[in-house]
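In case you want the letters, here they are:
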Amino acid sequence: MSRMSPSRSTVPPVVSVSTDVPPVAGDTKEILAICTAFNAKPAAEVSWNLGDLSYTLKVQTNVTVDSEGRYTVKSSLIGVASKDHNQKNVQCLVTHPGLKEKLELDYTLIIHYPPQVVYIISVGDQGETHEFQCEADANPKPTNFTWSRHFPVKEPLSRGVNNTQIILLKPDRKGLYYCVASNQYGEAVGSFYMDVTTSTECTTCWTLVIVALFAGVSGFLIWKFNLHQSVCKRLG
């Protein structure tokens, strides 16, 4: 019985999905992911299951063979990277005579982009102070936060990796506050208005309310008295 020569033997592929560098959201087409089936005899068949992304991404396949007749198939996903592509799931599908069944490799797209929306949330009172936290939609997460009373920033209240700001609850501290969040790709700014009401102002407000109520009641009683007098005169 003759043996099959090594050149005609079947060698299943080694498969991986990755990217050389993280794609960055922009306006130009680039490689978002590469599915590679290498060291195979014969060449593997590589395809993608893209779902809704099939309308925006294209597939480019490259096949090479070494001196020993082993094939490498690289299938690249190409498109204009955007924030909306981040965390989207795709599948690389590989078929080969040396595999018992089709390989299905799940892959999550990782797209880098600068801060898009910056929002500031209140994280609670601490007696005479109030703490605020700056958050931003970005990938990777912002590495620098700049707090200021002005934008463009003139004299920052603080700057660094800390995304929180503690503000004293004093009348001269009320007004607009800005947070500029940035990563290596860019920056974005968010703002909020803080109003401070002192205990004196509250007392004055309540005094005005009481005076207004008293004036209203007094006016009503005077009107009722005058009406009664008028009716009595007509009846008399």
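Our structure's up above, just so we're on the same page.
Below you will find a few notes about this structure. Computed from a predicted model, the values in this text were never measured in an experiment.

**What about the overall build of the chain?**
- The secondary structure content of the chain amounts to one helix and 14 strands.
- Evaluated residue by residue, the chain yields a buried proportion of 31% over its 236 residues.
- Considering only contacts within the chain whose residues lie at least 6 apart along the sequence, 60% involve residues at least 24 apart.
- Element-wise, carbon and sulfur atoms account for 55% of the exposed surface of the chain, whose accessible area totals about 15500 Å².

**Topic: the sheet that holds strand E1 (residues 14–18)**
- One open sheet holds the four strands; their spatial order is E1-E2-E5-E4, and the pairing between them is antiparallel. At either end of the open sheet lies a strand with only one pairing partner, and these are E1 and strand E4 (58–65). Strand after strand, the sheet turns through a mean of 15° between neighbouring axes, direction not considered.
- Here E4 pairs with strand E5 (residues 71–80) via eight bridges, running antiparallel. Paired with Val 59 across the two strands is Leu 77, which belongs to E5.

**Considerations on the environment of Gly 79**
- Locating Gly 79 in the fold gives a position in strand E5.
- Sequence-wise, Gly 79 and Lys 29 are 50 residues apart; in three dimensions their C-alpha atoms are separated by 4.7 Å.
- Those residues in contact with Gly 79, other than ones at most four positions away along the chain, are Thr 28, Lys 29, Glu 30, Leu 32, Thr 56 and Leu 57.

**As for unusual backbone geometry**
- Across the junction of Lys 41 and Pro 42, the peptide omega takes the value -15°, indicating a cis bond.
- Looking at where Pro 42 falls in the secondary structure, it is placed in the loop between strand E2 (29–40) and strand E3 (45–49).
- The step from Asn 139 to Pro 140 runs through a cis peptide bond, and the omega angle for that step is 0°.
- Positive phi, close to 65°, is recorded for Asn 39, a residue that is not glycine.
- Within the element layout of this structure, Asn 39 appears in strand E2.
- For Asn 39, a relative accessible area of 32% gives the class partly exposed.
- The backbone of Gln 87 shows a phi angle near 70°, a positive value even though the residue is not glycine.
- Position of Gln 87 relative to the elements: it lies in the loop between E5 and strand E6 (89–95).

**Topic: the packing of aromatic side chains**
- Inspection of every chain in the model, using the stated rule, returns three aromatic pairs.
- Geometrically, the ring pair formed by Tyr 177 and Phe 192 is stacked, given 5.4 Å between the ring centres and 15° between the ring planes. Of the two residues, Tyr 177 sits in strand E13 (residues 175–183) while Phe 192 sits in strand E14 (residues 186–194), which places them 15 residues apart along the sequence. This pair shows no difference in class: Tyr 177 is buried, exactly as Phe 192 is.
- Ring-pair connections join several aromatic residues into one group, and the members of that group are Phe 132, Tyr 177 and Phe 192.
- Its guanidinium or amino end placed over the ring of Tyr 177, Arg 149 lies 4.2 Å from that ring's centre, counting from NZ or CZ.

**Focus: the pairing of E13**
- E13 sits mainly inside the fold: eight of its nine residues count as buried.
- Across five bridges, strand E10 (residues 144–148) lies against E13 in antiparallel orientation. Counterpart to Asn 144 in the pairing with E13 is Ser 182.
- Bridge analysis of E13 against E14 gives nine bridges, and the strand direction is antiparallel. Its bridge partner being in E14, Ser 182 is matched across the sheet by Glu 187.
- Connecting E13 to the next strand, E14, in antiparallel fashion are two residues.

What counts, and where the lines are drawn
- Residues numbered from 1 in each chain as written.
- Predicted model: local features only at pLDDT ≥ 70, side-chain atom pairs only at ≥ 80, totals over all residues.
- Heavy atoms only, no water.
- Helix = DSSP H or I, 4+ residues; strand = E, 2+ residues; numbered from the N terminus.
- Buried < 20%, exposed > 50% of the residue type's maximum accessible area, 1.4 Å probe, protein only.
- Contact = heavy atoms within 4.5 Å.
- Areas by Shrake-Rupley, 256 points an atom, 1.4 Å probe, with all protein chains shown as cover.
- Pairing = 2+ DSSP bridges.
- Axes fitted to C-alpha atoms, helices over the stretch in contact; angles between N-to-C directions.
- Phe/Tyr/Trp six-rings, centres within 6.5 Å; stacked < 30°, edge-to-face > 60°.
- Lys NZ or Arg CZ within 6 Å of the ring centre and 35° of its normal.

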